[in-house]
Amino acid sequence: MTDTSRVVARAVDALRAGELVAFPTETVYGLGADAANADAVRRLYLVKGRPPRHPVIVHIARSDQLDELGRDVPDDARLLADAFWPGPLTIVVRRDHARVVPEVTGGLDTVGLRVPDHPVALELLESFGGGVAAPSANRFGRVSPTTAAHVRADLGDDVRIVLDGGACRVGVESTIVDVTGAEPAILRVGGVSRGEVERVIGRVCASRTSGEAAAPGTLASHYAPRAEVELVDAAAAAARAAVILARSERVGLLASAPVPADLPAPVVVLTAPHDTEEYARVLYSRLREADDLGLDVLLVVSPSGSDGLGAAVADRVRRAAHPARP
Ligand code: TXA
Ligand code: MG
């Protein structure tokens, strides 16, 4: 038995005993509980600090479990699973009432299912056998974790087992597609682009990424560090920084390389990503860094690109941002 297998075996025992296990995925780390165990799921919500009506994604090892944990699974779901699993896409289908208890989905008749693309997650899910309900392994409303150290810093002693699978490869959460309605709808943009989803199902998707009907991860204020995040255009960054520095506040900047050259000297320039993929991968670490550095305000220039990871990064930055002060 390898070291990983030994730790995974302990994690499987913990899940079977109704305990929580944090594990890596290619998007962000998840905090997992047995999706068929109502007590375990209640504990998950308690540790996460998540309001009970916010549904959690259920992770599975293989596409053929779509019909075990879901029911009346439409063809679109199978097409998407074949094309993108394992990978950063969550598919919302009708829920099997025994294998996914209502506590997982805030009482909804549907469930979001996903096969994550990470060897440690797959080993865990394969040997556990059932569905693992797992939101991102951070306290509600805070920045999602992309390393095991982030998870420990957030959740501390509340989770005994944190499987360490290194830094997450994608860095932002999965795209969520709801295929239970008359037309497919995107509920959250993430690791798979809208264009790719529409190509596979051969139809245009509606967009339900905000408001009551959408996924609660799409609340306006979410993914937020303590520092105030402000969205700026690259051309306006220097002037905006000067205004904030004049209030005697500590200012940082996150932007793709090359960063604007004319910034006032006191601005703390966070290490710049070189392309959109790297931006997505490092975004949440940089937001945490802003807090570690004690910044009052972090100015953020979103990456260009209106679909795919560019759209996902821009979405998360918007939700992390506070309304700008004058
Ligand atoms: O990449 C990801 O999706 C990560 C990793 C751990 O897999 N998970 C994640 O979970 O981001 P969480 O709980 O932070 O976000 C789950 C999102 C929420 O916005 C929730 O509303 C939505 O999924 N969701 C889950 N089940 C749903 C359902 N049945 N109907 C609508 N939205 C659902
Ligand atoms: Mg989350």
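Report on the accompanying structure. (Residues numbered from 1 in each chain as written. Chains lettered and ligands numbered in written order. Predicted model: local features only at pLDDT ≥ 70, side-chain atom pairs only at ≥ 80, totals over all residues. Heavy atoms only, no water.)

1. Points about helix H4 (residues 75-84)
Step number 1: Buried residues of H4: Asp-76, Ala-77, Leu-80, Ala-81 and Phe-84, and no others. Buried residues in H4, looked at end-on, bunch into an arc of 130°, giving them a common side. In H4, the exposed residues that point more than 90 degrees away from the buried face are Asp-75 and Asp-82.
Step number 2: Along its buried surface, H4 packs onto helix H3 (66-69), strand S5 (89-95), strand S9 (175-178) and helix H7 (194-201). (Buried < 20%, exposed > 50% of the residue type's maximum accessible area, 1.4 Å probe, protein only. Helix = DSSP H or I, 4+ residues; strand = E, 2+ residues; numbered from the N terminus. Arc of directions from axis to C-beta. Contact = heavy atoms within 4.5 Å.)

2. Here's the deal with the environment of Ala-321
Step number 1: If you trace the backbone, Ala-321 turns up in the segment after helix H10 (308-320).
Step number 2: Residue Ala-321 is classed as partly exposed on the basis of its relative accessible area, which comes to 21%.
Step number 3: Taking the C-alpha atoms as reference points, Ala-321 and Leu-298, 23 residues apart in sequence, are found 9.1 Å from one another.

3. Some thoughts on the packing of H4 against H7
Packed helices, taken two at a time, are described by the angle their axes make and the gap between the axes.
Step number 1: Interaxial distance between H4 and H7 falls to 9 Å at its minimum, and their mutual angle equals 120°. Taken together, the axes of H4 and H7 are oblique relative to one another. By crossing handedness, the relation of H4 to H7 is classed as right-handed. From H4, Asp-76, Leu-79, Leu-80, Ala-83 and Phe-84 reach across to H7, where they touch Glu-196, Val-197, Val-200 and Ile-201.
Step number 2: Among the residues making up the contact of H4 with H7, the classes are represented as 7 nonpolar, no polar and 2 charged. (Axes fitted to C-alpha atoms, helices over the stretch in contact; angles between N-to-C directions. Parallel < 35°, antiparallel > 145°, perpendicular 65-115°, else oblique. Left-handed = near helix turned anticlockwise from the far one by under 90°. Nonpolar A, V, L, I, M, F, W, Y, C, P; charged D, E, K, R; others polar.)

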